[in-house]
Amino acid sequence: MRITYPTAIVLNALAAGHAYGFDIVDATGLGAGTVYPILRRLEADARVRSSWERVTTARAAGRPPRRNYRLTASGLQLVGEVVKRYPGLDRLLDVDGGRAGA
């Protein structure tokens, strides 16, 4: 899988705990037309898993269900590699060094 800078940013957002598409869009400043294709590629490459939020949870919050994404073990390993490849990436989203997701 080719790791572009936008892909690295999305991986870092997932590692920082941003779990659903629009949250990742907001956190990264990337457009939805960039984020969602990246998430689909990461999922196809088994770096990310997704699941739909329960309808009852979404209705209680007054919104449609969200698709949540989380890093797999290989996705988390990839985050470590991209942080080395793109120095300063871990500070882009004000990540405190702790990684969430896997």
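Parameters at a glance
- Residues numbered from 1 in each chain as written.
- Predicted model: local features only at pLDDT ≥ 70, side-chain atom pairs only at ≥ 80, totals over all residues.
- Heavy atoms only, no water.
- Helix = DSSP H or I, 4+ residues; strand = E, 2+ residues; numbered from the N terminus.
- Contact = heavy atoms within 4.5 Å.
- Lys, Arg positive; Asp, Glu negative; His and termini not counted.
- Charge placed at Lys NZ, Arg CZ, Asp CG, Glu CD.
- Buried < 20%, exposed > 50% of the residue type's maximum accessible area, 1.4 Å probe, protein only.
- 1 Å grid on protein atoms, 1.4 Å probe; cavity = no way out; pocket = protein on both sides within 12 Å on 5 of 7 lines; lining within 4 Å.
- Points joined across faces, edges and corners; volume = space filled by probe spheres on them.
- Nonpolar A, V, L, I, M, F, W, Y, C, P; charged D, E, K, R; others polar.
- Salt bridge = Lys/Arg side-chain N within 4 Å of Asp/Glu carboxyl O.
- Axes fitted to C-alpha atoms, helices over the stretch in contact; angles between N-to-C directions.
- Parallel < 35°, antiparallel > 145°, perpendicular 65-115°, else oblique.
- Left-handed = near helix turned anticlockwise from the far one by under 90°.
- Core = buried A, V, L, I, M, F, W, Y, C linked by side-chain atoms within 4.5 Å.

Visitor: Account for the overall build of the chain, naming residues and giving values.
Guide: Counting secondary structure elements, the chain contains six helices and two strands. For the chain, the succession of helices and strands along the chain, N to C, is α-α-α-β-α-β-α-α. Referenced to the eigenvectors of the C-alpha coordinate spread, the extents of the chain come out at roughly 40 × 25 × 25 Å. A sequence separation of at least 24 residues applies to 60% of the contacts in the chain between residues at least 6 apart. One way to put it: in the chain the 15 positive side-chain charges average out to a point 6 Å from where the 9 negative ones average out.

Visitor: Quick rundown of the side chain of Thr7? Include the residues and the values.
Guide: Checked against the element boundaries, Thr7 lands in helix H1 (residues 5-15). On the basis of relative accessibility, which here comes to 1%, the residue Thr7 falls in the buried class. Contacts of Thr7, omitting those with residues within four sequence positions, involve Met1, Arg2, Ile38, Arg41 and Leu42.

Visitor: An account of the layout of surface pockets is requested, with residue identities and associated values reported.
Guide: Considering only enclosed or pocket space, the largest pocket measures out at about 170 Å³ in volume. Together, Tyr20, Gly21, Phe22, Tyr36, Trp52, Arg63, Pro64, Pro65, Arg66, Arg67 and Tyr69 line the largest pocket. Counting residues per element, the ones that place at least two in the lining of the largest pocket are helix H2 (21-28) and strand S2 (67-71). Taken together, the residues of the lining of the largest pocket break down into seven nonpolar, one polar and three charged.

Visitor: Please provide a residue-by-residue account of the pattern of salt bridges, values included.
Guide: Should their charged atoms come close, side chains of opposite charge can pair. For the coordinates displayed, the defined rule picks out four salt bridges. One salt bridge connects Glu43 with Arg67, and the closest N-O pair in it is separated by 3.8 Å. Residue Glu43 is located in helix H3 (residues 32-44), and its partner Arg67 is located in strand S2; the two are separated by 24 residues in the primary sequence. Residue Glu43 is classed as partly exposed on the basis of its relative accessible area, which comes to 28%. Through salt bridges with shared partners, one network takes in Glu53, Arg63 and Arg66.

Visitor: Describe the packing of H2 against H3, with residues and values.
Guide: Where H2 contacts H3, the axes come no closer than 10 Å and their chain directions differ by 125°. Judged by the angle between their axes, H2 and H3 are oblique. For H2 against H3, the interelement crossing comes out right-handed. On H3, the residues touching Gly21, Phe22, Ile24, Val25 and Thr28 of H2 are Ala32, Val35, Tyr36 and Leu39. Its residues assigned to classes, the contact of H2 with H3 comprises seven nonpolar, two polar and no charged.

Visitor: I'd like a description of the nonpolar core, backed by residues and values.
Guide: Membership of the largest hydrophobic core comes to 25 residues, with the highest contact counts inside it found for Val10, Leu14 and Val82. When contributions to this core are tallied by element, the ones reaching two or more residues are H1, H2, H3, S2 and helix H5 (73-85).

Visitor: So, H1: which residues are in play, and what are the values?
Guide: Burial runs high along H1: nine of the 11 residues are buried. Restricting attention to buried positions, one finds in H1 the residues Thr7, Ala8, Ile9, Val10, Leu11, Asn12, Ala13, Leu14 and Ala15. Among the structural elements, H2, H3, strand S1 (48-52), S2, H5 and helix H6 (89-92) are those in contact with the buried residues of H1.

Geometric descriptors of this kind do not, in isolation, establish any biological role.
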